[in-house]
Amino acid sequence: MRLSVIGLGKLGASSAACFAAKGFEVIGVDINKDFVDAINNGQAPVYEPRLQEFIARSQGRLKATQDYAEAIRNSDVTFLIVPTPSRQDGHFSDKYLQDALKHLAAAFRDAPKKYHLFVITSTVSPGTTGESLIPLIESVSGKKMNRDFGVCFNPEFIALGSVITDLLNPDLLLIGESDKAAGDQLVGIYEKVCENKPYIARMSIISAEITKISLNSYITMKISFANTLANLCEAIPGTHIDDITKALGADRRISPYYLKGGLSFGGPCFPRDNRAFVAFAQKYGIDAKLVKATDEVNRFQIDHLAEKIFGYMAEGPNNVVAVLGLAFKPNTRVIEESPGVKIIEELLKKKDVEIIVYDPLAMENARAHFGDNILYASSMKDCLSNSSLCVITTQAEEFKTIRESDIRHHPTTIIDCWRILDPSRLGRHVKHVSVGTVGR
Ligand SMILES: NC(=O)c1ccc[n+]([C@@H]2O[C@H](COP(=O)([O-])OP(=O)(O)OC[C@H]3O[C@@H](n4cnc5c(N)ncnc54)[C@H](O)[C@@H]3O)[C@@H](O)[C@H]2O)c1
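Note that the coordinates shown come from a computational prediction; the quantities given were computed from them, not determined experimentally.

J.: Tell me about the site of the ligand, residues and numbers included.
T.: Taken together, 26 residues form the shell around the ligand, and within it Lys10, Leu11, Asp30, Tyr68 and Thr84 come nearest. Measuring from an oxygen atom of the ligand, one finds a backbone N or O atom of Val82 at 3.4 Å. Residue Thr84 places a side-chain N or O atom 2.6 Å away from an oxygen atom belonging to the ligand. Coverage of the ligand by the protein chains reaches 89% of its 840 Å² of free accessible surface. Considering each element in turn, the shell around the ligand owes the most residues, three residues, to helix H1 (residues 10-21).

J.: Break down the sheet that holds strand S3 (residues 62-65) for me, with residues and values.
T.: Taken in spatial order, the eight strands line up as S3-S2-S1-S4-S5-S6-S7-S8 in an open sheet, and their pairing is mixed. Among the strands making up the open sheet, the edge pair consists of S3 and strand S8 (199-203). Between one strand and the next, the sheet's axes are offset by a mean angle of 25°, whatever the strand orientation.

J.: Can you break down the sheet that holds strand S10 (residues 354-358) residue by residue, with the values?
T.: If you walk across this open sheet you meet the six strands as S11-S10-S9-S12-S13-S14, and the pairing is parallel. Two strands close off the open sheet at either side, each with one partner strand: strand S11 (375-376) and strand S14 (430-434). In this sheet, S10 lies alongside strand S9 (residues 320-324) in parallel orientation, the contact comprising five bridges. The residue bridging Val323 from the neighbouring strand is Val357, located in S10. Set on the sheet, helix H13 (residues 339-348) makes contact with S9 and S10; between it and S10 the angle comes to about 165°.

J.: Mind laying out the environment of Ala44, listing which residues take part and the relevant values?
T.: Within the fold, Ala44 resides in the loop between helix H2 (33-40) and helix H3 (51-57). For the pair Ala44 and Glu234, spaced 190 residues apart in the sequence, the C-alpha separation amounts to 44 Å. Leaving out residues up to four positions away in the same chain, Ala44 has contacts with Ala38, Leu51, Gln52 and Ile55.

So, how was this worked out
- Residues numbered from 1 in each chain as written.
- Predicted model: local features only at pLDDT ≥ 70, side-chain atom pairs only at ≥ 80, totals over all residues.
- Heavy atoms only, no water.
- Near = heavy atom within 4 Å.
- Polar contact = N/O pair within 3.5 Å; in protein donor to acceptor, adjacent residues only side chain to side chain.
- Areas by Shrake-Rupley, 256 points an atom, 1.4 Å probe, with all protein chains shown as cover.
- Helix = DSSP H or I, 4+ residues; strand = E, 2+ residues; numbered from the N terminus.
- Pairing = 2+ DSSP bridges.
- Axes fitted to C-alpha atoms, helices over the stretch in contact; angles between N-to-C directions.
- Contact = heavy atoms within 4.5 Å.

Structural data, given as C-alpha cells:
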C-alpha cells in the first residue's frame, strides 16, 4: 500500500515521516514549495521533536511534490492534513480541504485506477465530510463512493511537542468510515504504524466528527474544573491543589490527566474546538452551556493571574515583569492563544509596566507577535536577572532548574503557575508563590 499526505505542516509532516519510517512508500504534497524542498532534502519542514530523526529513518521512502496528480497516481490512500481555520461564527472553514480535494478528485477522474481511499485527518465541523467533501469528490471525479472510492474521517489526538510519540502510541484510533472496506484498509495501515495496541473506535463519519471535538471539549472541562479548585485552594489555608487533584485522579472515573490546576489552556486546538462545539450545538438548537462555562473559566484564569501579578507589583519596586514561557506548552514554538502571551497582553494594558521574556523555543514567534513592545532576554538567567518579579507559565524542563545563583535581585518574587520549582533551592531571598496554594 502506498500513501500520500496532503499538507506537510506540524501534523502532516510528522504523520508522513511516521508512515515512511514504518515502511510505507509516502508522497507528500504541500502548496508551500519550501516544505516540499525540505522533505526532498531530508530536512524537517517544521520543528517538532523527533521529526528529523523519523525523516532520516524513512530511508528514501518519503518524497514530496506540488503535483496532486503525481500523488494520486503513486498512492492508494490519501491523507488530507491541511489547515481548517476557525470562521467568525466558530465553525471550522473547510476551504483548504475543498481546494485540495478539487485537485485530487480531478486527478482521480483521469487516473486509471479502480479504487482510492481518501482520509480526512484535519479537524472539521461535524457534518462537513458528508455535506460538502464527499459530494465534491463525486462531482469532480464522476466516480461513486463505496464503489470507486472510500472515505474515512480519522483525526489524530496528538499534542504538539510530542506528535511523533503520540502518533506511534495513541490511546484511541478514531475511524469514521463510509463503509467497512474503507475502515478495514485504514486499520491495516495503523497495525503497521502503531507501537501499541490502541482501542479502535469505528463508527459513521458524522459520529466520528462529533467524537473528535467532544473529546477536546471534555478535556478542557477537566482543566477548567481543576483551575477552579486551584483558585479555591488559594483562598483556604491548609489546602494544596496537588493533594486534591492527585486523589481525584486516582479514581478511574476521573483519571489524573489534564487535572493539575494551574494556568488556562491555549494552543491551536482546544479553544477553537470549544468554539466549534458551541457553534455546532447551536445549529441543532442546543445551548452548549457546559462548554461555554469552560471557556468562561479559562478566560477568568488569565484575569486572575494578572490580578495576582498587579498585587505583587504594588508591593514593591516591581515595574519590570519577567515572563518565562511564551509557547502554549513546553517543547513547541507555537504561541497561538498561549497563556504566556495572554498574560503579557493584559500586563501591557497597564501603564509603566515593562516586560522581559524568555522561552527556550518560541522567541522568534514572540518577536513577530509583540515587536518592540516588550524586551527579549538572551537566556533564562538574563531574563531573571532583569526583574524582581517573575512569572513561570510553562513546565519547560529548563525552568525547573532555576536555583539561587540565577537570582540577582533580593528579594525576588517568583509566581510558579505549575509548581515546578523546588523552593529549597531558591535561597532565602526568593518569595516563591505557588499557584493553587495560599500565596501570601
Ligand atoms: N497541530 C495540532 O496540534 C493538531 C492536532 C490535531 C488536529 N490538527 C488539525 O490538523 C490540521 C492541520 O494542522 P497543522 O497544525 O498540521 O497545520 P499546519 O498549518 O502546521 O500545516 C498545514 C499545511 O497544509 C498546507 N496546505 C494548505 N493548503 C493546502 C493545499 N490545498 N494543498 C496542500 N497543502 C496545503 C500548508 O502549506 C501547511 O504546510 C488542522 O485541521 C488542525 O486542526 C492539528
